[in-house]
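Descriptive structure summary
If you want the building blocks of each chain, they are given just below.
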Amino acid sequence: MFEKRPVIALDFSSIEEVTSFLDKFPKEESLYCKIGMELFYQEGIEVVKLVKSYGHAVFLDLKLHDIPNTVKSAMRGIAKMGVDMVNVHAAGGVEMMQEALIGLQEGTRAGGVRPKLIAVTQLTSTSEEAMHTDQLIPVSITDSVVHYAKCTNLAGLDGVVSSAKEVALIKEATHKDFICLTPGIRPKGGEVGDQKRVMTPSEARKIGSDYIVVGRPITQAENPVVAYQKIKEDWSNA
Ligand code: C5P
């Protein structure tokens with residue numbers, strides 16, 4: 001499905017690198033690109049404009065977490081950039097997430113589509129032990145992820161960023177259309193890098209992931225277009 005094509009993590013540090021990467025793809029190939037902190041804080045809104053100028057969709061992965069009013073105002077500005085998806089930390093609380101949604105609605109131009117809003121539950125870099133000692137959350141990491149997913153749903157958001165392994169539990173605790181966007185994807189036989197638990201695109205699809213995020217297997221490939229096509233095929237044909 002068009003909407004659910006694999007999301008490419010544009011983990012580059014300059015507009016020049018992004019341009020040279022995007023120029024490799026045929027004009028008619030409409031991509032879904034993730035712009036994270038690294039790129040955004042170096043190039044700012046110009047990089048969003050650049051990616052949109054190719055006709056590509058943009059997931060702005062800035063993981064906002066602040067007081068509700070500040071997040072609402074920030075989201076108003078983000079919606080004006082014309083991005084398609086954005087995120088917050090669920091740890092900011094239900095009220096913060098509700099205000100984020102209001103900010104996005106207010107910033108969306110009349111007749112336009114509000115960007116999708118998803119939440120980060122527990123970062124996959126957080127171990128259960130660190131969660132216990134740093135955050136003083138006494139439950140298991142899975143229980144904490146599911147709890148945050150429920151809070152996200154209660155606040156009216158569209159979904160969460162999660163490990164593909166958590167999708168079934170999250171959908172069960174929320175509803176089947178609750179978006180689960182999953183990084184940590186590697187093509188069959190691909191380099192794992194620093195990702196600890198990985199799945200192939202078709203495995204992620206089969207267990208209910210709605211969007212996959214893939215970075216280095218595409219951006220660092222000898223031929224990024226071929227690498228992308230293979231991942232897209234594996235994802236679409238699952
Ligand atoms: O290169 P790779 O495919 O590992 O990139 C995955 C992308 O998804 C990166 O931008 C990374 O920051 C992001 N991400 C992740 N794991 C999470 C959340 C985000 O890998 N839990």
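Located above this text is the structure these notes cover.
Summarised in this report is the structure supplied together with it. All values reported here derive from a predicted model rather than from experimental measurement.

Scoring rules and cut-offs
Residues numbered from 1 in each chain as written. Predicted model: local features only at pLDDT ≥ 70, side-chain atom pairs only at ≥ 80, totals over all residues. Heavy atoms only, no water. Buried < 20%, exposed > 50% of the residue type's maximum accessible area, 1.4 Å probe, protein only. Helix = DSSP H or I, 4+ residues; strand = E, 2+ residues; numbered from the N terminus. Pairing = 2+ DSSP bridges. Right-handed = clockwise from strand over helix to strand, strands pointing away. Axes fitted to C-alpha atoms, helices over the stretch in contact; angles between N-to-C directions. Parallel < 35°, antiparallel > 145°, perpendicular 65-115°, else oblique. Left-handed = near helix turned anticlockwise from the far one by under 90°. Contact = heavy atoms within 4.5 Å. Nonpolar A, V, L, I, M, F, W, Y, C, P; charged D, E, K, R; others polar.

**Regarding the pairing of strand S2 (residues 32-36)**
A large share of S2 lies buried, amounting to five of its five residues. Covered by surrounding structure in S2 are Tyr32, Lys34 and Gly36 together with Cys33 and Ile35, the residues of both alternating faces. The pairing of strand S1 (residues 7-9) with S2 spans three bridges and is parallel. Counted as the bridge partner of Ile8 is Cys33 from S2. Once you follow S1 into helix H1 (residues 15-22) and on to S2, the crossover reads as right-handed. Taken together, the five bridges between S2 and strand S3 (residues 57-64) define a ladder with parallel strand orientation. By the bridge assignment, Tyr32 is partnered in S3 with Ala57.

**Digging into the packing of helix H4 (residues 68-80) against helix H5 (residues 94-107)**
At a minimum axis distance of 7 Å, the contact between H4 and H5 shows a crossing angle of 30 degrees. Classed by the angle they form, the pair H4 and H5 counts as roughly parallel. When you trace H4 past H5, the crossing you get is right-handed. Contacts from Pro68, Val71, Lys72, Met75, Arg76, Ala79 and Lys80 in H4 reach Glu95, Met96, Glu99, Ala100, Ile102, Gly103, Leu104, Glu106 and Gly107 in H5. Classifying every residue of the contact of H4 with H5 gives eight nonpolar, two polar and six charged.

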